[in-house]
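Observations on the model geometry
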Amino acid sequence: MNELLSSPLLLLPVFAVVVAVLHTLVQRIRRERQRRREHGWRLIHELKAYSAWVDSLHGEPFMSTEPEELTSAQALRSARAIAQEHFPQLGQVMLRLLQADSQLMRHLREQKLLRLSEPGDWVPCQRDPEYRDLREAQEDLIDSIIARCQALIGDYGRPWRHTGMDSEFFASMSVTSSPCR
């Protein structure tokens, strides 16, 4: 046995196997981290797309949209699915975002009905304190989710703030109305 341990040529295959196993493990960990980052950035993109969608609604009096059609945007549904599947630790804050979405959609429905029934009483979002409060709270939640997601994926790059005001992102989404904040 001593001869086996003292001969470097006999240890070479054992060492090669250990190195190969370690290399495979490191590669697997790197791929898993990369996939997690990709899912994180998809979540961030969907949250920004949702924010852009909400901001695009403010300028529209929903004349062509029935109140029952004002449901969560596809981007919010996608963000929720990504969070549930890949970031379950974001579950509570995503629930709060869904609740904020419901409150905002309720307010927008009420504003549409008010504009249709009593146009003189309707207030544009720039002067609507309830709308602004709801949007600010919603943007704070989105910013919080994005920051937590970045921490979870190990990306502490530039902080995302006020996603709804990102004009470059609006342009990429083909949204022409400016955000109301």
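Residues numbered from 1 in each chain as written. Predicted model: local features only at pLDDT ≥ 70, side-chain atom pairs only at ≥ 80, totals over all residues. Heavy atoms only, no water.

Things to note about the overall build of the protein chain
In plain terms, the rule: Each helix corresponds to a stretch of at least 4 residues labelled H or I by DSSP, and each strand to a stretch of at least 2 residues labelled E; elements are numbered beginning at the N terminus. For the exposure calls, accessible area comes from a 1.4 Å probe over protein chains only, and a residue counts as buried if that area is under 20% of its type's maximum, exposed if over 50%, partly exposed in between. We call two residues in contact whenever any of their non-hydrogen atoms come within 4.5 Å of each other. Per-residue accessibility takes into account occlusion by the displayed protein chains alone, with areas from the Shrake-Rupley method and a 1.4 Å probe.
Looking only at helices and strands, the protein chain features six helices and zero strands. Beginning at the N terminus, the succession of helices and strands in the protein chain can be written as α-α-α-α-α-α. Buried positions account for 36% of the 181 residues belonging to the protein chain. The long-range fraction of contacts in the protein chain, counting pairs at least 24 apart against all pairs at least 6 apart in sequence, stands at 75%. As presented, the protein chain carries roughly 11,200 Å² of accessible surface, and 56% of it is formed by carbon and sulfur atoms.

Examining the confidence of the model for the protein chain
Inclusion rule: The predictor attaches a confidence to each residue, called pLDDT, with possible values from 0 through 100.
For the protein chain, the mean per-residue pLDDT works out to 78, and 73% of the residues sit at or above 70. Ranking the elements of the protein chain by mean pLDDT puts helix α6 (residues 167-172) last, at 50, and helix α3 (residues 74-86) first, at 94. Of the regions scoring below 50 in pLDDT, residues 162-167 engages in 22 contacts with residues more than four places distant in sequence or in other chains. Between residues 173-181, whose pLDDT stays under 50, and residues either more than four places distant or in other chains, the model counts 26 contacts.

Here's the deal with the pattern of salt bridges
Inclusion rule: What counts as a salt bridge is simple: a side-chain nitrogen of Lys or Arg found within 4 Å of a carboxyl oxygen of Asp or Glu.
Counting across every chain of the model gives five salt bridges. A salt bridge links D55 to R135, with the shortest nitrogen-to-oxygen separation between them at 3.0 Å. Linking D55 in helix α2 (residues 8-58) with R135 in helix α5 (residues 129-153), this pair joins segments that are 80 residues apart in sequence. For D55, a relative accessible area of 0% gives the class buried. The closest approach of N and O atoms between R106 and E110, which form a salt bridge, is 3.2 Å. Of this pair, R106 and E110 both sit in helix α4 (residues 91-117), four residues apart, which is roughly one turn of the helix.

Section: the packing of α4 against α5
Threshold: Axis definition: a line fit to C-alpha positions, over the contact stretch in the case of helices; interaxial angles, taken between N-to-C directions, run 0 to 180 degrees. Roughly parallel refers to an angle under 35 degrees, roughly antiparallel to one over 145, roughly perpendicular to one between 65 and 115, and oblique to any angle outside these ranges. By convention the crossing between two helices is left-handed if the near helix lies anticlockwise of the far one by an angle smaller than a right angle, and right-handed if it lies clockwise.
Close contact between α4 and α5 brings their axes to 10 Å; oriented N to C, the two are set at 160°. Classified by the angle their axes make, α4 and α5 are roughly antiparallel. At the point where α4 passes α5, the crossing takes the left-handed sense. Every residue of α5 that contacts α4 at V93, M94, R96, L97, A100, D101, Q103, L104, R106, H107 and L108 is listed here: E130, Y131, L134, R135, Q138, L141, I142, S144, I145 and R148.

A word on a nonpolar patch on the surface
To keep things clear, this is the line we draw: What makes a patch is a set of residues exposed beyond 30% relative accessible area and free of salt bridges, joined within 9 Å when like-charged and within 5 Å when nonpolar (Val, Leu, Ile, Met, Phe, Trp, Tyr).
Where nonpolar side chains cluster on the molecular surface, the patch consists of V14, V17, V18, V21, L22 and L25 and spans about 510 Å² of accessible area. By the element assignment, L22 lies in helix α2.

With respect to α5
Counted only if it meets this: The span one expects for a helix is its residue count, reduced by one, times 1.5 Å. Think of a polar contact as two N or O atoms within 3.5 Å of one another; within protein, one of them needs to be a possible hydrogen donor and the other a possible acceptor, and neighboring residues in sequence only count if both atoms come from side chains.
Spanning 25 residues, α5 covers 36 Å between terminal C-alpha atoms, matching the ideal 36 Å at 1.5 Å per step. Two or three places before E130, at the opening of α5, D128 has a side-chain oxygen 3.1 Å from that residue's backbone nitrogen. With its phi angle positive at about 75°, G154 sits one or two positions after the end of α5.

Let's talk about the packing of α3 against α4
Remark: α3 packs on α4, axes separated minimally by 11 Å, with the N-to-C direction vectors making an angle of 165°. Between α3 and α4, the interaxial angle falls into the category roughly antiparallel. The handedness of the crossing between α3 and α4 comes out as left-handed. In this structure, α3 contributes L76, A79, R80 and A83 to the contact, and α4 contributes M94, L97, L98 and D101.

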